[in-house]
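# Fold and contact review
Here are the chains, one letter per residue:
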Amino acid sequence: MHNNDQKHFRAHASHPSRTSFSRLAALATLSVAAFMTAPAHAAGHYVPGVEGIQAASVPGPGMYFLGYAVNYNINRVTEAPGNNDGTVNALALRGAWITQATFLGANYGVEAIVPMTAKSFTFNGIGYAGSSRGVGDIYVSPLVLGWHGAQWDLSFGLGQWLNVGTFSATDPSSPGNGYSSTMLSFGGTYYPDTAKQWSLSVLMRAEKNYSQRQTGITPGNGLVVEWGVARHITPTTQMGLVGYYQGQISNDSGDGASPMRPRKAAVGVQFDWLIPSEKLFLKVAGYTEYMAGGGSTKGNLIRLALVKAF
């Protein structure tokens, strides 16, 4: 997104176009944080499925508020005995500021995310049944970069998950993970046609995890790849296929560490709706996880994202 495009959107919000739609669509895709965790997912804080269409696009200069609501239903835990299921409901409040400053030709920004979760699990395989509510680990990013070409966007982000959420090593439903992580994000969006009716996007996130308090175990590092292929239905709506892969790419370490490397993949559908007069953008998506292994959870995810530009 270019600065002139951003000014055009603000001045003509009541006259929607595919270009303005693409701009506001980017608001929800900076270096979004995950705001829910479940036991035995691939190591890290970031939970895939909250981004898809134009996942690697960063908006132009401005202040933005983003709210994410997610429901994740677990129907099994791979390589675990017994019947194991659960539900995670999450709400994340996120603030982002993309400045007028540039660095290496990119727009520079910062962001922060505060997650809140409600988890309920019944894991018969380990004899656990319980639930919890609370604020999870907070994400802060002092570095968000976005590049924009005529038919492409690139993004880079670097941030830290802060170990501040309530955590108990004996409670899988704890709001926090009990450790901090450094997360790097990089990706791109390509528009095959000059009118930007079509978009193809891929976003990668890598997490370096640190020692977990109470256990002394350091979870293995994680990798997430999210993708989306979409087409406009009208100037203010678009729809497409989305998906993700998540896998642990190194072993846990420390006394009592698990030898397993969780991994899973999903595919789904996303629908986006721009409301230019209110400077609002709504995104709705549903995913089903078709592959899981290494002790990962497997289930279905529904998300709703609301973006407000100021």
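Below or above, wherever it landed, is the structure these notes cover. Everything numeric here is computed off the predicted structure, so don't read it as measured data. (Residues numbered from 1 in each chain as written. Predicted model: local features only at pLDDT ≥ 70, side-chain atom pairs only at ≥ 80, totals over all residues. Heavy atoms only, no water.)

## Brief notes about the packing of aromatic side chains
- Counting across every chain of the model gives four aromatic pairs.
- Pairing Phe123 with Tyr128 gives two aromatic rings, centres 6.5 Å apart and planes at 35°, and the pair type is tilted.
- According to the relative accessible area criterion, Phe123 is buried, its value standing at 4%.
- Summarising the aromatic geometry, the rings of Tyr244 and Tyr287 are spaced 5.3 Å apart at their centres and angled 45° between planes, so their arrangement reads as tilted. Separated by 43 residues along the polypeptide, Tyr244 in strand E10 (residues 237-248) and Tyr287 in strand E12 (residues 280-293) bring together distant segments of the chain.
- For Tyr244, a relative accessible area of 2% translates into the label buried.
- Three or more aromatic residues link up through ring pairs in this structure, and these residues are Phe121, Phe123 and Tyr128.
- We note Lys196 situated over the ring of Tyr191; from NZ or CZ to the ring centre the distance is 4.7 Å.
- Just above the ring of Phe310 sits the side chain of Lys308; from NZ or CZ to the centre is 5.9 Å. (Phe/Tyr/Trp six-rings, centres within 6.5 Å; stacked < 30°, edge-to-face > 60°. Buried < 20%, exposed > 50% of the residue type's maximum accessible area, 1.4 Å probe, protein only. Helix = DSSP H or I, 4+ residues; strand = E, 2+ residues; numbered from the N terminus. Lys NZ or Arg CZ within 6 Å of the ring centre and 35° of its normal.)

## A closer look at the pattern of salt bridges
- Evaluation of the coordinates by the stated rule reveals four salt bridges.
- With a closest N to O distance of 2.6 Å, Glu111 and Arg94 form a salt bridge. In this pair, Glu111 is assigned in strand E3 (residues 106-123) and Arg94 in strand E2 (residues 84-103), connecting sequence segments 17 residues apart.
- Judged by relative accessible area, which is 5%, Glu111 ranks as buried.
- Linking Glu289 and Lys264 is a salt bridge whose minimum nitrogen-to-oxygen distance equals 3.3 Å. Note that Glu289 is positioned in strand E12 and Lys264 in strand E11 (residues 263-275), a separation of 25 residues in sequence. This pair shows no difference in class: Glu289 is buried, exactly as Lys264 is. (Salt bridge = Lys/Arg side-chain N within 4 Å of Asp/Glu carboxyl O.)

## Quick look at a nonpolar patch on the surface
- A contiguous nonpolar surface patch, about 770 Å² in accessible area, is contributed by Met63, Phe65, Leu91, Leu93, Trp97, Val114, Val135, Leu306 and Phe310.
- Of all the secondary structure elements, the ones that give two or more residues to the nonpolar patch are strand E1 (62-77) and E2.
- Here the nonpolar patch takes three residues from E2, the largest share from any one element.
- Here Leu306 lies in strand E13 (residues 297-309). (Patch = residues over 30% accessible without salt bridge, like charges linked within 9 Å, V, L, I, M, F, W, Y side chains within 5 Å. Areas by Shrake-Rupley, 256 points an atom, 1.4 Å probe, with all protein chains shown as cover.)

## Regarding the side chain of Glu207
- Here Glu207 is to be found in strand E8 (residues 198-209).
- Of the polar contacts made by the side chain of Glu207, one reaches the backbone nitrogen of Tyr46; its length is 2.8 Å.
- Dropping the residues within four chain positions of it, Glu207 is found in contact with Gly44, His45, Tyr46, Trp161, Ser181, Thr182, Met183, Asn221 and Gly222. (Polar contact = N/O pair within 3.5 Å; in protein donor to acceptor, adjacent residues only side chain to side chain. Contact = heavy atoms within 4.5 Å.)

## Some details on the pairing of strand E7 (residues 181-190)
- Burial of E7 is one-sided: the residues Ser181, Met183, Ser185, Gly187 and Thr189 facing one way are buried, the residues Thr182, Leu184, Phe186, Gly188 and Tyr190 facing the other way are not.
- The sheet contact formed by strand E6 (residues 152-162) and E7 spans ten bridges and is antiparallel. Following the sheet pairing, Gly159 is matched in E7 by Met183.
- Across ten bridges, the pairing between E7 and E8 is antiparallel. When the sheet's bridge partners are listed, Phe186 is paired in E8 with Met204. (Pairing = 2+ DSSP bridges.)

## Quick notes on the nonpolar core
- With 36 residues, the main nonpolar core has Leu66, Phe121 and Tyr287 as its most contacted residues.
- In terms of residue count, E1 provides more of this core than any other element does, seven residues in total.
- With near-sequence residues (within four places) excluded, Tyr287 lies in contact with Gly49, Glu51, Gly52, Val242, Gly243, Tyr244, Ala266, Val267, Gly268, Asn300, Leu301 and Arg303. (Core = buried A, V, L, I, M, F, W, Y, C linked by side-chain atoms within 4.5 Å.)

## So, the side chain of Glu51
- Its location among the elements puts Glu51 in the loop between helix H2 (18-25) and E1.
- A polar atom in the side chain of Glu51 sits 3.4 Å from the side chain of Tyr68.

## Focus on the pairing of E13
- Pairing analysis gives 13 bridges linking E1 to E13, with the strands arranged antiparallel. Bridge pairing links Ala69 to Leu304 in E13.
- Pairing analysis gives nine bridges linking E12 to E13, with the strands arranged antiparallel. From the neighbouring strand, Phe281 faces E13, where its bridge partner is Val307.
- Joining the antiparallel neighbours E12 and E13 is a turn of three residues, in which Gly294 adopts a positive phi near 70°.

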